Amino acid sequence: MALLSVNQLNVRYGSFRAVKDVSFGLDGGDWLMLVGPNGAGKSTVLNAVSGGLPFAGSVQLFGRDLRSYRTQELARRMGMLHQSHQITYGFTVREIVELGGYAKKRGPGDSGAGEPEVSVESALRATGLTELADRSVLTLSGGELQRAFLAQLFVQNPGILLLDEPANHLDLVYQKQIFELIRAWLGEPPEAGGESADGSRAVISVVHDLSLARTYGTKALLLCRGETAAIGTISDVFDDTVLNPVYDMDVRQWMSSLYKPWA
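Residues numbered from 1 in each chain as written. Predicted model: local features only at pLDDT ≥ 70, side-chain atom pairs only at ≥ 80, totals over all residues. Heavy atoms only, no water.

## Considerations on the packing of aromatic side chains
Rules: In summary, the pairing rule links any two rings of Phe, Tyr or Trp, Trp by its six-membered ring, whose centres are within 6.5 Å, and it sorts them by plane angle into stacked for under 30 degrees, edge-to-face for over 60 and tilted for everything else. Put simply, DSSP marks the helices as runs of H or I at least four residues long and the strands as runs of E at least two long, and each gets a number from the N terminus on. Relative accessibility thresholds used throughout: buried, under 20% of the residue-type maximum; exposed, over 50%; partly exposed, between the two (1.4 Å probe, protein chains only). Two thresholds decide whether a charge sits over a ring: the Lys NZ or Arg CZ must be within 6 Å of the ring centre and within 35 degrees of the ring normal.
A full pass over the atoms with the stated rule returns 4 aromatic pairs. Measuring from ring centre to ring centre gives 5.8 Å for Trp31 and Phe179, while their planes differ by 10°; the resulting arrangement is stacked. Here the residue Trp31 occupies a position in strand E3 (residues 31–35), and Phe179 occupies one in helix H6 (residues 172–187), the gap between them amounting to 148 residues. In this pair, the class of Trp31 matches that of Phe179, namely buried. Geometrically, the ring pair formed by Trp31 and Tyr216 is tilted, given 5.8 Å between the ring centres and 45° between the ring planes. Pair noted here: Trp31 is in strand E3 and Tyr216 is in helix H7 (residues 210–216), with a separation of 185 residues, a long-range link. In this structure, Trp31 and Tyr216 share a single accessibility class: buried. When the ring centre of Phe62 is taken as reference, the NZ or CZ atom of Arg77 above it lies at 4.8 Å.

Written out as structure tokens, the structure is:
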């Protein structure tokens, strides 16, 4: 059984159809990269799949209609990391990370006891935030804040991570840290008996940087004007005959010229 199955996904904003008949599947161990030019519909697809936008078509999550999930129940299956976060209160890093445990609670008086869990301390260690645990998130850099919310997702312990430009505006060291953390999470076995243990784990990322997509992805969905231009393995999609018409340029030549000085 596929972890996620999307068929004929359509999203409209009034009379404008932003996403047109997009279909794809997600199996355990997949890291699907959503790529394409600005305005291609990448974030719209991600937001629809997360349940954050109304859509037409079918989205099956762990064999069940996405629309049938209650909010807290959905959080046990799927977690989303946005590219930016609006923080107006001085929560500590630890408090932000602890919020990931909310998905395990089934009611106001439920402590979440009995649920398989990733401890807050292990999530802080995994993301390198132990020494910052008692700092206000208002004092963090962009990369530190992104790692705090990633640690929150680790505590949430879903089966699928949805990432909308997770390293956007971050410098090189934080880009590497974020993507390596996600790769490590994807390669770990799910918590025994947990809500995420219905097969394995998987990731979907919106990524503008094709080098990052090619390095970390196992599959790619190339979008153009809201439609599927190509879908398949990274090597299939990242082919000159596929990429160049969509980006209207020689992508390989451009990327090679950018990185040639480092060779």
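## Focus: the sheet that holds strand E1 (residues 4–13)
How we decide: Only when DSSP finds a minimum of two bridges between them are two strands counted as paired.
Taking strand neighbours across the sheet as the criterion, the 4 strands line up as E2-E1-E4-E5 in an open arrangement whose pairing is antiparallel. Each edge of the open sheet carries a strand with a single partner, namely strand E2 (16–26) and strand E5 (64–65). With 5 bridges connecting them, E1 and strand E4 (residues 56–61) associate as antiparallel partners. In the sheet register, Val6 faces E4, and the bridge partner there is Val59.

## Describing unusual backbone geometry
A positive phi angle is found at Asp21, which is not glycine, with a value near 50°. Structurally, Asp21 can be placed in strand E2. Positive phi, normally seen in glycine, also occurs at Asn157, with a value near 60°. Within the secondary structure layout, Asn157 lies in the loop between helix H5 (142–156) and strand E7 (160–164).

## Let's talk about the nonpolar core
Put simply, the rule reads: Take the buried Ala, Val, Leu, Ile, Met, Phe, Trp, Tyr and Cys residues and link them wherever side-chain atoms come within 4.5 Å; each set so joined is a nonpolar core. Note on definitions: a residue-residue contact is assigned when non-hydrogen atoms from the two residues lie within 4.5 Å.
Within the largest apolar cluster, 51 residues are counted, with the highest numbers of intra-cluster contacts made by Trp31, Met33, Val93, Val97, Phe179, Val203 and Phe238. Sequence-distant contacts of Trp31, defined by excluding residues within four places in its chain, comprise Leu163, Phe179, Ile182, Arg183, Leu186, Val203, Ser205, Tyr216, Gly217, Thr218 and Lys219. Counting 32 residues, the second-largest nonpolar core is a separate cluster that includes Leu32, Leu46, Leu66 and Tyr69.

Everything listed is a geometric property; what it means functionally is a separate question.
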